[in-house]
Amino acid sequence: VDTAARKVLDEVAVGDKPAGVAFAPDGRRAVVANWFGYDVAVLEVKDDELRVVGKVDVGPEPRGVVVHPDGRTAFVAVGVADEIARIDLNDLKVTGRLAVGREPRGLALAPDGKTLVVGDARSRQVSVVDVDAFRVEKTVPIEGENLRQVVVAADGRYAYLVNMKDRQFATTKNNIDQGWVLGQRLTRIDLKQPEPYATISLDPRGKAAADAHGVA
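Nothing here was measured: the structure is a model prediction, and the numbers come from that model.

Student: It is not clear to me how the nonpolar core should be interpreted in this structure. Could you clarify?
Tutor: Core analysis: the biggest nonpolar cluster contains 16 residues, and Val31, Val40, Val58, Val67, Ile87 and Leu89 have the highest contact counts within it. With three residues, strand E6 (residues 73–78) is the largest single contributor of residues to this core. Membership of the second largest hydrophobic core comes to 14 residues, among which are Ala110, Val150, Val152 and Leu191.

Student: I keep staring at unusual backbone geometry and nothing clicks. Help me out?
Tutor: One can expect most non-glycine residues to show negative phi and most peptide bonds to be in trans. Positive phi values are uncommon outside glycine, yet Asp48 reaches one of about 60 degrees. Here Asp48 falls in the exposed class, since its relative accessible area comes to 53%. One non-glycine residue, Arg124, adopts positive backbone phi at about 55 degrees. Within the fold, Arg124 resides in the loop between strand E10 (115–120) and strand E11 (125–130).

Student: Just to check I follow, could you spell out the environment of Val58 for this structure?
Tutor: In this fold, Val58 is placed in the loop between strand E4 (49–57) and strand E5 (62–67). Judged by relative accessible area, Val58 falls into the buried class, the value being 2%. In sequence terms Val58 and Pro141 are 83 residues apart; their C-alpha atoms lie 27 Å from each other. If we skip the residues at most four places from it in the chain, Val58 touches Tyr38, Asp39, Val40, Val78, Glu83, Ala85, Ile87, Val94 and Arg97.

What counts, and where the lines are drawn
- Residues numbered from 1 in each chain as written.
- Predicted model: local features only at pLDDT ≥ 70, side-chain atom pairs only at ≥ 80, totals over all residues.
- Heavy atoms only, no water.
- Core = buried A, V, L, I, M, F, W, Y, C linked by side-chain atoms within 4.5 Å.
- Buried < 20%, exposed > 50% of the residue type's maximum accessible area, 1.4 Å probe, protein only.
- Helix = DSSP H or I, 4+ residues; strand = E, 2+ residues; numbered from the N terminus.
- Contact = heavy atoms within 4.5 Å.

Listed below in structure tokens is the structure:
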């Protein structure tokens, strides 16, 4: 899409229900996670055109995807398998799998490519992964449900993710309007220090936010 001209430059079929996309730093390669397709599609981007150069089977319900600064390695959250798949984009193959929490969805890489942050949607936790060693460095429990997208700040110090809190109040119109049924939250995690996470509500009284999903 040309955002300045507000027009579509090219379209290409990639698979069943694409759910996540990430670009290599040079913008010449993209990876699309096909939620219903058990695979990811690797695309070449050239002269305002898209071309699928291959697919890699990763497992059931791939969603979040990121590309490492080296432009060759991608990481995919494989939801049903509760794991992260590491992919070599040149050889089009899985080079490693790492168990994390239940139903990983959102992924984010620190700018230096050394830390991968995983939002484990159903286990109420965030997995912080040492990329070079490809192991879980620490797990941070989050007092929230349905963890969604995650992002790492430019300085690499903090990760932020949006999530939901079931506040256990009765489902009435007034309670919904007040944000007392399902609260939407933004959580900050310190990637450098072992301090507790911090969370703010996105539901000021009388101004309930609805189903927060993305963060950037």
